[in-house]
Structure formats: structure tokens, C-alpha cells
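Listed below, chain by chain, are the residues.
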Amino acid sequence: MTAKRRLAATWAACALMGTTSVNSEPEDFGRRREAMVREQIEARGIRNPRVLAALRKVPRHRFVPEDLAEQAYRDGPLPIGQAQTISQPFIVASMTELVDPQPGDTVLEIGTGSGYQAAVLAELVTKVLTIEIVPVLATRSRALLAELGYGNVEVVTGDGWKGLPEAAPFDGIVVTAAPAEIPPALLEQLAVGAKLVIPVGRRKQMLRVVERTEEGFSERGEYPVRFVPLTRKPESDPER
Ligand SMILES: C[S@@+](CC[C@H](N)C(=O)[O-])C[C@H]1O[C@@H](n2cnc3c(N)ncnc32)[C@H](O)[C@@H]1O
């Protein structure tokens with residue numbers, strides 16, 4: 001077969017894969033997930049084997065609207081309704097690696113959204129608490145995570161700006177919506193040695209990692225990002 005024909009055959013195979021029905025998909029989704037991990041995540045430098053294994057396991061196509069399931073393993077964010085998104089797979093992997101999850105940890109996530117990042121974390125730690133400000137998203141994620149067997153995730157409906165003081169300190173905190181500045185409560189709720197991974201900024205955002213040390217906090221910027229804003233309830237935001 002000539003190179004040109006081989007290419008044409010590959011395109012045809014891809015087109016066919018794209019028309020497979022959701023019911024007959026498991027094997028195909030598995031292949032796409034494997035390709036996602038190799039081409040989007042390992043190829044860009046994510047090395048933590050536990051993180052890679054979690055990304056290989058969590059069925060991302062279940063966390064997007066059904067009509068977008070075919071696109072679940074693409075290299076980008078996708079809409080999940082309520083003007084919100086599920087983050088790009090690489091960003092989920094990178095933030096997970098940066099928070100450095102350990103088996104016995106309790107981790108807090110702000111911005112449950114689809115529940116996908118919470119599920120990835122749940123593969124790696126003992127307990128995940130995740131806060132979502134949009135009630136319909138919290139309800140949907142809570143049901144999906146339970147259906148998929150993630151009994152170690154608790155979805156809390158509320159404003160994550162304040163964290164969850166009653167369950168602190170946390171061994172890691174991941175924030176998946178961008179505030180203009182780091183919420184002070186989240187720093188207070190970090191255990192010594194724990195990291196906060198958070199996009200910060202309005203028009204220009206930087207992914208920041210803050211580690212709590214015995215002496216205080218050390219902070220570094222990782223790379224520019226673009227997240228939806230961390231919103232506040234009107235009564236708790238004096239600027240509204
Ligand atoms: C980029 S999406 C999150 C993606 C999500 N981690 C996932 O895996 O699908 C950001 C989410 O943060 C939520 N959010 C925004 N402000 C919030 C706040 N103050 N407290 C809790 N959640 C908030 C949004 O409603 C949205 O669902």
C-alpha cells in the first residue's frame with residue numbers, strides 16, 4: 001500500500017470511529033483515553049506514574065454532556081452547561097501532579113464542575129472534598145461520582161472562597177476557577193508541607209503553587225492559564 005493510500009485508510013478508520021454509538025464504545029473510549037494520556041499528557045512531560053494511571057482509568061467521557069462524549073478525549077476544555085467547562089486533560093493532569101497527592105491524603109477541590117478532577121484525585125488519595133457554587137452542577141456531579149463508585153468524594157454545594165474550615169487542615173488544595181487574588185482562608189487551611197495549586201488573575205492568569213512550610217509559605221508561578229473566574233455569592237462579594 002502506498003503512503004498516500006495508508007493515510008486515506010487511516011482517515012477512513014478515524015471517521016468510522018467517530019460514528020460509533022455510545023453503547024458500543026467502551027473499548028474505543030479506552031483506546032482514545034490511552035492515546036490522550038500518551039499524546040497529550042506524557043508527551044508534555046507529566047511523569048508521576050500514579051497520576052498517569054489515574055488518567056488512564058477515569059472515564060472522562062462520562063463527565064461531559066452525552067452529545068459531546070465523542071469529543072471527551074480531545075486536547076481541550078468542553079462545555080458542561082451553566083456557562084462552565086471541564087478543563088483540558090493536560091491541565092487536570094498537571095494540577096494533579098503539582099499538588100503531589102499521597103495515598104493517605106485528604107484533598108480539597110474548589111470548583112467541582114463536571115466532577116472529573118475530583119474523580120482523578122479520588123483515585124490517588126483517601127478523601128476528596130469538593131465545593132461547587134452552582135447547585136445544579138453539584139447535584140449532577142454528586143450523583144455521577146456515586147454512580148461510578150467514588151465513595152471517597154464528598155460534593156459540597158457552596159462558595160469555595162472560604163474553603164471548608166470544619167474539615168481543615170488539608171494535605172492539598174486544587175482550585176479550578178480563577179480568583180483575582182489567593183483567598184486567605186485557603187492558605188490557612190493548608191497543612192504544613194501541603195500545596196495549594198490555583199490559577200490567579202483576571203485578564204491574565206498564572207497557575208500558582210503555594211506550599212505551607214514550618215516558617216510560613218513559599219510561592220511560585222508555573223505557567224499562564226485561562227480558567228473561568230471564581231465567582232462569589234452576591235452577599236459575600238462587597239464589589240458586587
Ligand atoms: C473550570 S470549571 C471546573 C472544572 C472541574 N474541576 C472539572 O473537573 O470539571 C470551574 C468550576 O468552578 C465553579 N466555581 C466558580 N466559582 C466558585 C466558587 N466560589 N466556589 C465553588 N465553585 C466555584 C464553577 O461553577 C465551575 O463549575
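For the structure itself, look to the data block above.
Residues numbered from 1 in each chain as written. Predicted model: local features only at pLDDT ≥ 70, side-chain atom pairs only at ≥ 80, totals over all residues.

The next subject is the overall build of the protein chain. Within the protein chain, the secondary structure is distributed over seven helices and nine strands. Here the protein chain, with 240 residues, has 37% of them falling under the buried criterion. For the protein chain, long-range pairs separated by at least 24 residues make up 52% of all intrachain contacts whose partners lie at least 6 apart in sequence. (Helix = DSSP H or I, 4+ residues; strand = E, 2+ residues; numbered from the N terminus. Buried ≥ 20, exposed ≤ 12 C-beta atoms within 10 Å, placed from the backbone. Contact = placed C-beta atoms within 7 Å.)

Turning our attention to the site of the ligand. Neighbouring the ligand are 25 residues, the closest being G111, G113, S114, Q117 and G160. At the level of elements, β2 (84-86), α5 (116-122) and β4 (127-132) are the ones that each hand at least two residues to the shell around the ligand. Here the element with the most residues in the shell around the ligand is β2; it accounts for three residues. Taken together, the residues of the shell around the ligand break down into 12 nonpolar, 10 polar and three charged. (Near = placed C-beta within 6 Å. Nonpolar A, V, L, I, M, F, W, Y, C, P; charged D, E, K, R; others polar.)

A separate point is helix α4 (residues 89-99). Where burial is concerned, most of α4 is hidden: eight out of the 11 residues are buried. For α4, every residue scored as buried is listed here: P89, V92, A93, S94, M95, T96, L98 and V99. Note on α4: the residue one or two positions beyond its end, D100, has a positive phi of about 60°.

Here the focus is unusual backbone geometry. The omega torsion across A168 and P169 is 5°, close enough to zero to call that bond cis. Tracing the sequence through the fold places P169 in the loop between β5 (153-157) and β6 (170-175). Phi is positive for Q82, close to 60°, though the residue is something other than glycine. Along the chain, Q82 falls in the loop between β1 (78-81) and β2. Located in the positive-phi region is A83, a residue other than glycine, with phi close to 60°. Summarising the element assignment, A83 is placed in the loop between β1 and β2. Overall, the presence of 8 C-beta atoms within 10 Å leaves A83 in the exposed class.

Right, let's talk about the sheet that holds strand β3 (residues 106-110) for a bit. As summarised here, the arrangement of the seven strands in space is β5-β4-β3-β6-β7-β8-β9, forming an open sheet in which the pairing is mixed. Edge strands, defined here as strands with exactly one partner in the open sheet, are β5 and β9 (217-225). Here the average twist between neighbouring strands, direction ignored, is 15°. Relative to β9, strand β8 (residues 205-212) is paired through seven bridges, and the arrangement is antiparallel. Across the sheet, the residue bridging to M206 is P224, located in β9. Sitting on the sheet, α4 touches β3, β6, β7 (190-200), β8 and β9, and the angle it makes with β7 is about 155°. (Pairing = 2+ DSSP bridges. Axes fitted to C-alpha atoms, helices over the stretch in contact; angles between N-to-C directions.)

Turning our attention to the pairing of β1. For β1 and β2, the ladder comprises three bridges, and the chain directions are antiparallel. Directly across from L78, in β2, lies its bridge partner I86.

Here we come to the pairing of β4. Each regular strand carries side chains that alternate between the two faces of the sheet. With five of its six residues buried, β4 lies for the most part within the structure. Across five bridges, the pairing between β3 and β4 is parallel. Residue pairing across strands places V107 opposite V128, the latter belonging to β4. Following the backbone out of β3, through α5 and into the adjacent parallel β4, one traces a crossover that is right-handed. In terms of strand pairing, β4 meets β5 through five bridges, oriented parallel. (Right-handed = clockwise from strand over helix to strand, strands pointing away.)

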